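Residue-level listing of the chains:
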Amino acid sequence: MITAEALTKRYGTKVAVDAIDFTVRPGQVTGFLGPNGAGKSTTMRMIVGLDRPSAGRVEVNGRPYREHRAPLREVGVLLDARAAHPGRSAYKHLLAIAATHRIGASRVREVIGLAGLDLVAGKRVGGFSLGMGQRLGIATALLGDPATVILDEPVNGLDPEGVRWVRTLIRGLAAEGRTVLLSSHLMSEMAQTADRLIVIGRGRILADDPVEDVVAGATRSLVRVRTRETGRLPALLAGPDVVVTVRSDGAVEVSGLTAEQVADAASAAGIVLHELATVTGSLEDAYLALTAGDVEYRSSQSVGTGDHR
Ligand SMILES: Nc1ncnc2c1ncn2[C@@H]1O[C@H](COP(=O)(O)OP(=O)(O)OP(=O)(O)O)[C@@H](O)[C@H]1O
């Protein structure tokens, strides 16, 4: 469990994290999202004692990180996958970290297996690909069998098999009752992995809700139908706040009515529907809508629309 109260970080006059309160609960994957510069890394660094809050507090499993006597057994962290010594083998790297917490070689071998590193465990970390480095970072995070796991961009550089492996692993960690805080800019991945989301922008919390609620709150869903009688349908469904659009491919999109209301109206008029579906917005749509006013770095030009003559 991670609990933040009025957590604040200032760098000079810059307020990177602005008095935020949140709780990351066990048994769930909590996604941590926000535009570049929103304050995610700063928040995660404060959670694991790498930065001191300017005000407020943050606790992991009931205490500030620095007050834990064996922090690796409490919190597993992947913040920078390139943090390993390049001249050491993956096995030696893990063994050295394990030794600081009296964790035995058998657990080191276990996490090597868990991370799919068996074939490269004896190789120098300096020669690792980005994906192998990520796997080693994840193995390191799990070394102490911690109740809380914090992963910053864990799928960065992984191939599709690796991405799926991380997703399954993360879901498994939550299913075992652990607290998982996951940061990623990949919205489709986040939508498949997280149960809950904390979205921040310019150091403030923009949303802290289950994924479905974040999506439903920031996007409009619509009903899509297909029928041979596209001509009759719009007039039939007309009403205040109802918008009916007939698309060029023949699909009719209706906003302002539920699928049930559309089906009932069609049925009452004897219109046969060949398709009836509720189309919800994506997490990417919701995220972009939520953070639109809080993006610190934005291109002022779009690529490809300029005159290059
Ligand atoms: N050491 C520092 N000194 C001064 N300003 C800093 C420092 N670290 C971070 N900042 C500023 O604090 C704000 C939050 O930065 P942070 O790295 O936490 O954002 P982030 O959400 O992790 O972004 P990204 O997605 O790019 O990693 C930014 O405006 C950043 O420039």
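Residues numbered from 1 in each chain as written. Predicted model: local features only at pLDDT ≥ 70, side-chain atom pairs only at ≥ 80, totals over all residues.

Some points on the overall build of the protein chain
Then step 1. For the protein chain, the count of helices and strands is 11 helices and 13 strands.
Then step 2. Dimensions of the protein chain along its principal axes, counting C-alpha atoms only, are 75 × 55 × 50 Å.
Then step 3. Burial status across the protein chain gives 36% buried among its 309 residues. (Helix = DSSP H or I, 4+ residues; strand = E, 2+ residues; numbered from the N terminus. Buried ≥ 20, exposed ≤ 12 C-beta atoms within 10 Å, placed from the backbone.)

What about helix 3 (residues 90-99)?
Then step 1. Every buried residue of helix 3 is listed here: Ala90, His93, Leu94 and Ala98. Buried residues of helix 3 fall within an arc of 130° about the axis and therefore sit on the same side.
Then step 2. Its buried side turned inward, helix 3 meets helix 4 (105-114) and helix 5 (130-142). (Arc of directions from axis to C-beta. Contact = placed C-beta atoms within 7 Å.)

Remarks on the site of the ligand
Then step 1. Every one of the 12 residues lining the ligand counts as a neighbour, but Tyr11, Ala16, Asn36, Ser41 and Thr42 are closest to it.
Then step 2. Contributions of two or more residues to the shell around the ligand are made by strand 2 (14-24) and helix 1 (40-47).
Then step 3. Element by element, the count of residues in the shell around the ligand is highest for helix 1, at 3 residues.
Then step 4. Its residues assigned to classes, the shell around the ligand shows 3 nonpolar, 6 polar and 3 charged. (Near = placed C-beta within 6 Å. Nonpolar A, V, L, I, M, F, W, Y, C, P; charged D, E, K, R; others polar.)

Concerning the sheet that holds strand 9 (residues 204-210)
Two pairing modes exist for strands in a sheet, parallel and antiparallel, and in both the strands are linked by backbone hydrogen bonds.
Then step 1. Pairing is mixed in the open sheet, where 6 strands are placed in the order 5-6-7-3-8-9. The open sheet has two edge strands with one neighbour each: strand 5 (75-78) and strand 9. On average, adjacent strands in this sheet sit at an angle of 15° to one another, irrespective of strand direction.
Then step 2. As paired elements, strand 6 (residues 148-152) and strand 7 (residues 179-183) share 5 bridges and run parallel to each other. Looking at strand 7, one finds that aspartate 152 is bridged to serine 183.
Then step 3. On the sheet, helix 5 packs against strand 5 and strand 6 and is oriented at approximately 165° with respect to strand 5.
Then step 4. The sheet strands contacting helix 8 (residues 211-218) are strand 8 (196-201) and strand 9, and the helix crosses strand 9 at an angle near 115°. (Pairing = 2+ DSSP bridges. Axes fitted to C-alpha atoms, helices over the stretch in contact; angles between N-to-C directions.)

Focus: the domain arrangement of the protein chain
Then step 1. The domain architecture assigned to the protein chain consists of domain 1 (2-216) and domain 2 (220-279).
Then step 2. Centre-to-centre, using C-alpha coordinates, domain 1 lies 45 Å away from domain 2. (Domains from an automatic or database assignment.)

So, unusual backbone geometry
Then step 1. Within the chain, alanine 19 stands out as a residue other than glycine whose phi angle is a positive 55°.
Then step 2. The topology assignment puts alanine 19 in strand 2.
Then step 3. Note on alanine 19: 17 C-beta atoms within 10 Å, which makes it partly exposed.

Regarding the confidence of the model for the protein chain
Then step 1. When the pLDDT values of the protein chain are averaged, the result is 92; 94% of them are 70 or greater.
Then step 2. Note on residues 304-309: pLDDT under 50 across the span, and 1 contact to partners over four residues away in sequence or across chains.
Then step 3. This complex was scored by the predictor with a pTM of 0.88 and an ipTM of 0.96. (pLDDT = per-residue confidence, 0-100.)

Regarding the pairing of strand 9
Then step 1. Of the strand pairs in this sheet, strand 8 and strand 9 are connected by 6 bridges, and their pairing is antiparallel. Pairing of isoleucine 200 across the sheet is with isoleucine 205, part of strand 9.
Then step 2. Counted between consecutive antiparallel strands, the loop separating strand 8 from strand 9 contains 2 residues, among which arginine 202 sits at a positive phi close to 45°.

Looking at the packing of helix 3 against helix 4
Then step 1. Where helix 3 meets helix 4, the axes come as close as 10 Å, and the angle between the chain directions of the two elements is 130°. Comparing the axis directions of helix 3 and helix 4 gives the class oblique. Handedness of the crossing formed by helix 3 with helix 4: right-handed. Touching Ala90, Tyr91, Leu94, Leu95 and Ala98 of helix 3 are Ala105, Arg107, Val108, Val111 and Ile112, all from helix 4. (Parallel < 35°, antiparallel > 145°, perpendicular 65-115°, else oblique. Left-handed = near helix turned anticlockwise from the far one by under 90°.)

Describing the sheet that holds strand 1 (residues 2-11)
Then step 1. Taken in spatial order, the 3 strands of this open sheet run 2-1-4, and their pairing is antiparallel. The open sheet is flanked by strand 2 and strand 4 (55-60), the only strands paired with a single partner. With strand direction ignored, the average angle separating the axes of adjacent strands in the sheet is 25°.
Then step 2. Sheet topology note: the strand 1/strand 2 ladder contains 7 bridges and is antiparallel. For isoleucine 2, the partnering residue across the bridge sits in strand 2 and is valine 24.
Then step 3. Sitting on the sheet, helix 1 is in contact with strand 1, strand 2 and strand 4, with an inclination near 120° to strand 1.

With respect to the environment of glutamine 28
Then step 1. If you trace the backbone, glutamine 28 turns up in strand 3 (residues 28-33).
Then step 2. Residue classification places glutamine 28 among the partly exposed positions, given that 18 C-beta atoms sit within 10 Å.
Then step 3. Residues glutamine 28 and threonine 193, spaced 165 residues apart in sequence, show a C-alpha to C-alpha distance of 9.7 Å.

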